Amino acid sequence: MGKTPAEVYESHPRAPMPDTLLKEVLIVRAPRRVRRDGTVSVAGTDFELTQGYLSGRTVTVARTLLDASEPPWVEHEDQRLALHVVNAQKNGKFPRPHRPQRGIDALPFDPAGALLAAATGGAR
């Protein structure tokens with residue numbers, strides 16, 4: 001009592017923090033839901049997870065503040081799973097299955113043609 005906060009702080013001995021403890025303290029974790037395509041968004045960047053069984057599940061994404069160049073990772077059931085930045089050019093080369101259009105998407109969108117058909121009595 002009667003001491004300033006600075007005096008109390010200075011009176012306590014300080015031991016250097018071990019590197020392993022410092023590394024662990026500077027890891028931030030946040031829950032994220034893995035999308036159906038196996039991607040997770042972290043700080044506005046999409047990362048890919050190779051474990052497809054996690055699609056649709058909520059996982060813990062971790063990132064260290066000590067080294068900004070180190071990519072984030074997923075911590076799931078005591079495992080550390082790597083995340084990779086999504087490569088849009090590489091993924092764009094995969095063949096996609098053709099899906100038939102249904103409903104309103106199956107109708108052609110041609111307003112000018114519809115007006116022309118109405119003006120000419122239905123003949124094109």
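In what follows, the structure referred to is the one given above.
Help me out: how do you make sense of the overall build of the chain in this one?
Each helix and strand counted, the chain has four helices and six strands in total. Among the 124 residues that make up the chain, the fraction classed as buried is 19%. A separation of at least 24 residues holds for 47% of the contacts in the chain among residues at least 6 apart in sequence.

Sorry, what's going on with the pattern of salt bridges here?
Here the idea is simple: oppositely charged side chains can pair when their charged atoms come close. Under the counting rule described, the total for this entry stands at five salt bridges. Between Arg29 and Glu24 there is a salt bridge, with the nearest N and O atoms lying 3.0 Å from each other. As a salt-bridge pair, Arg80 and Glu70 come within 3.0 Å of each other at their nearest N and O atoms. With Arg80 in strand S6 (residues 79-85) and Glu70 in the loop between strand S4 (58-64) and strand S5 (73-76), this residue pair connects regions lying ten residues apart in the sequence. Exposure remark for Arg80: the relative accessible area of 54% places this residue in the exposed category. A cluster of three or more residues bridged by salt bridges with shared partners is formed by Glu24, Arg29 and Glu75.

Please explain the sheet that holds strand S1 (residues 27-33) as it appears in this structure.
Either a parallel or an antiparallel arrangement is found when strands of a sheet pair, and the pairing is made through backbone hydrogen bonds. Ordered in space as S1-S4-S5-S6-S3-S2, the six strands form an open sheet in which the pairing is antiparallel. Of all strands in the sheet, those with a lone pairing partner are S1 and strand S2 (39-42), marking the two edges. Sheet twist, expressed as the average angle between the axes of neighbouring strands with direction ignored, equals 40°. In terms of strand pairing, S1 meets S4 through seven bridges, oriented antiparallel. Bridging from a neighbouring strand, Ile27 pairs with Thr64 of S4.

I'm lost on the nonpolar core in this one. Help?
Within the largest apolar cluster, eleven residues are counted, these being Val34, Val40, Val42, Phe47, Leu49, Leu54, Val59, Val61, Val74, Leu81 and Leu83. Going through the elements one at a time, S2, strand S3 (45-49), S4 and S6 are the ones with two or more residues in this core. Excluding its chain neighbours within four sequence positions, the residues that come into contact with Leu54 are Val34, Leu49, Val59, His76 and Leu81.

Criteria and cut-off values
Residues numbered from 1 in each chain as written. Predicted model: local features only at pLDDT ≥ 70, side-chain atom pairs only at ≥ 80, totals over all residues. Heavy atoms only, no water. Helix = DSSP H or I, 4+ residues; strand = E, 2+ residues; numbered from the N terminus. Buried < 20%, exposed > 50% of the residue type's maximum accessible area, 1.4 Å probe, protein only. Contact = heavy atoms within 4.5 Å. Salt bridge = Lys/Arg side-chain N within 4 Å of Asp/Glu carboxyl O. Pairing = 2+ DSSP bridges. Axes fitted to C-alpha atoms, helices over the stretch in contact; angles between N-to-C directions. Core = buried A, V, L, I, M, F, W, Y, C linked by side-chain atoms within 4.5 Å.

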